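Listed below, chain by chain, are the residues.
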Amino acid sequence: MQRCEVLVIGGGPAGSSCARFLASEGVPVLVMDRERFPRDKPCAGWITPEVLALLGIDPAVYGSERLLQPIREFRTGLMYRDEVVTDFAHTVSYGILRSEFDHYLLQAAGCPTLLGEAAAKIVRTANGWLINDRIEAAVIVGAGGHHCPVAAFMGAAPGRESAILAMVAEFRLPERELSVSFLPPGCVELHFTPDLSGYGWLFRKGCYLNVGFGIYPGSGVRVQTQDFCAHLQLRGDIPLDLTPHLKGHAYLPYRRTGGRDVVADGALLVGDAAGVSSPQSGEGILPAVESGRMAARTILEAAGDYRRERLEPYRDSLKKRFGAHRADAPSAPATLRKLAAAAILSNGWLTRHLVLDHWFLHADET
Ligand SMILES: Cc1cc2nc3c(=O)[nH]c(=O)nc-3n(C[C@H](O)[C@H](O)[C@H](O)COP(=O)(O)OP(=O)(O)OC[C@H]3O[C@@H](n4cnc5c(N)ncnc54)[C@H](O)[C@@H]3O)c2cc1C
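Residues numbered from 1 in each chain as written. Predicted model: local features only at pLDDT ≥ 70, side-chain atom pairs only at ≥ 80, totals over all residues. Heavy atoms only, no water.

So, the site of the ligand
Around the ligand sit 36 residues, and of these D33, W46, A119, D272 and I285 come closest. At 3.0 Å, a backbone N or O of A14 approaches an oxygen atom of the ligand. Residue G284 places a main-chain N or O atom 3.0 Å away from a nitrogen atom belonging to the ligand. Starting from 1000 Å² of accessible surface for the ligand in isolation, the protein chains cover 95%. Counting contributing residues, the shell around the ligand receives three or more from each of domain 1 (2-45 + 97-160 + 253-323) and domain 2 (72-94 + 162-251 + 331-365). (Near = heavy atom within 4 Å. Polar contact = N/O pair within 3.5 Å; in protein donor to acceptor, adjacent residues only side chain to side chain. Areas by Shrake-Rupley, 256 points an atom, 1.4 Å probe, with all protein chains shown as cover. Domains from an automatic or database assignment.)

As for the sheet that holds strand β15 (residues 208-215)
In sheet architecture, strand pairing relies on hydrogen bonds along the backbone and comes in two forms, parallel and antiparallel. Here 7 strands make up an open sheet; going across it, the order is β6-β5-β13-β14-β15-β12-β16 and the pairing mixed. Strands with a single pairing partner mark the edges of an open sheet, and in this sheet they are β6 (84-87) and β16 (247-251). The average angle at which neighbouring strand axes cross in this sheet is 20°, direction not considered. Where strand β12 (residues 164-172) meets β15, 8 bridges bridge the pair, whose relative direction is antiparallel. When the bridges of β15 are listed, L165 appears paired with I215. Where helix α7 (residues 221-235) meets the sheet, it contacts β12, β13 (187-192), β14 (198-205) and β15, and its direction lies at approximately 140° from that of β15. Here helix α12 (residues 348-360) sits on the sheet in contact with β5 (73-78), β6, β13 and β14, set at roughly 60° to β6. (Pairing = 2+ DSSP bridges. Helix = DSSP H or I, 4+ residues; strand = E, 2+ residues; numbered from the N terminus. Axes fitted to C-alpha atoms, helices over the stretch in contact; angles between N-to-C directions. Contact = heavy atoms within 4.5 Å.)

Observations regarding the layout of surface pockets
Within this model, the second largest pocket holds a volume of roughly 320 Å³. If you trace the second largest pocket, you find 20 residues lining it, with R255, G258, G259, R260 and A274 closest to the centre. Partitioned by chemical class, the residues of the lining of the second largest pocket number 9 nonpolar, 5 polar and 6 charged. (1 Å grid on protein atoms, 1.4 Å probe; cavity = no way out; pocket = protein on both sides within 12 Å on 5 of 7 lines; lining within 4 Å. Points joined across faces, edges and corners; volume = space filled by probe spheres on them. Nonpolar A, V, L, I, M, F, W, Y, C, P; charged D, E, K, R; others polar.)

Comments concerning the side chain of D272
Considering the arrangement of structural elements, one finds D272 in the loop between β18 (267-269) and α8 (285-302). Buried charge without a salt bridge: D272, with K41 as the nearest opposite-charge side chain at an N-O distance of 4.9 Å. Setting aside chain neighbours within four positions, we find D272 in contact with G145, H146, Y251 and R260. (Buried < 20%, exposed > 50% of the residue type's maximum accessible area, 1.4 Å probe, protein only. Lys, Arg positive; Asp, Glu negative; His and termini not counted. Salt bridge = Lys/Arg side-chain N within 4 Å of Asp/Glu carboxyl O.)

Brief notes about the pairing of β15
β15 sits mainly inside the fold: 8 of its 8 residues count as buried. Along β15, one buried face is formed by Y208, N210, G212 and G214 and the opposite face, lined by L209, V211, F213 and I215, is buried too. Bridge count for β14 against β15 is 8 bridges, and the pairing is antiparallel. Note on β15: the bridge partner recorded for G198 is I215. Hairpin geometry of β14 and β15 is characterised by an intervening segment of 2 residues between the two adjacent antiparallel strands and by a positive phi of about 55° at G206.

Here's the deal with α8
Residues separated by three or four positions in an α-helix point in the same direction, a consequence of the helix having 3.6 residues per turn. Helix length check: α8 (18 residues) gives 26 Å between terminal C-alpha atoms against 26 Å at 1.5 Å per residue, within 8%. With 14 of its 18 residues buried, α8 lies for the most part within the structure. Within two residues after α8, A303 carries a phi angle of roughly 50°, on the positive side. (Expected span 1.5 Å × (residues − 1).)

Structural notes on the domain arrangement of the protein chain
You can read the domains of the protein chain as domain 1 (2-45 + 97-160 + 253-323) and domain 2 (72-94 + 162-251 + 331-365). Its C-alpha centre places domain 1 at a distance of 29 Å from the equivalent point of domain 2. Counting from both sides, the interface comprises 21 residues of domain 1 and, opposite them, 22 residues of domain 2. When the two sides are added together, the surface that domain 1 and domain 2 hide from each other amounts to roughly 1700 Å², 56% of it contributed by carbon and sulfur. For the interface between domain 1 and domain 2, the tally reads 0 salt bridges. At the junction of domain 1 with domain 2, the criterion picks out 7 residue pairs in polar contact (both at pLDDT 80 or more). Along the lines of polarity and charge, the residues of the side of domain 1 that touches domain 2 split into 6 nonpolar, 8 polar and 7 charged. (Buried area = accessible area lost by both parts, 1.4 Å probe.)

As structure tokens, this is what we get:
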């Protein structure tokens, strides 16, 4: 039998951030993940600077041994239409590789890990929890992503939820393409659907090209992603002889009401398991880190009494942080949304200040 105070199930950014905070306060915490790290995760690998700031990561130190691509420029527009170029002339975001980034965060958590084993059996006991018949914990943190087993235990039904669906392919550019590539490193292309319900992206980070498409609610994602990739190949943005091997995933935008129940007796959900990503941009890494830290703080303050009412402050922290800033998707009629989208995305000022600064870079929150 293995025993810990806190068992974090899932070692992605949410789980490792939660564990790191707890471990730094001397709490016996164990992170388990069904994968062995480094492991990959379908993602564009775009992080806003707050992620590094929150985790105390010095970009120079991180970037000295791993890919850290500063982002300064955007090309944005409606899909298959003209683009507006916005050059911030300074670093406003970064590109990372998830295999490297998540591995780094997990190592930085500074606590024991149990990798290569899925949490398959979750049983509530008189003293807390028994996982896989051999791990005992007083409290568990569900950090297993959209299909987290703790979320399922708490009643989430991923197949029946209205989710963002996104597909992505990431590949290393052949040597011959590095100097002739149409897209310079550090430039992000964003191509929005006519009603702003989704967007495709193309993103060069170092010698990697990342292409993908996400939409909410996620209908027809595969066909739209394939069409988008084919368009980029015809345009010469993706080498014709490279076949994007697309991988997809679902996740939930944050909802003030009607989302997953994030607290139970002896259990909390964080990151994608809780459904906290940004409804505007789909950014999930920053809210994963933030929610992981909020959950850790709540656990510390509960001081060993993990009944539901002692963990409720976590829900309030989420509301306080995300509720005020991240409204639900616009519910205006489709025609109106299309007119607004065309007007916004053809205007350089609105693109910079509303789409980029407000929706994607949350510059007004810093
Ligand atoms: C195509 C795509 C592109 C995206 N691009 C971006 C982007 O550029 N920037 C951004 O901020 N966000 C992006 N996101 C969202 C972002 O990837 C997620 O919000 C983020 O990874 C959430 O982190 P997490 O720690 O909650 O979950 P995850 O990163 O999914 O980690 C969950 C972990 O739990 C483990 N696990 C699952 N089940 C079990 C189990 N039963 N037992 C043990 N372990 C288990 C998994 O192996 C995994 O390691 C993108 C999402 C998609 C789908």
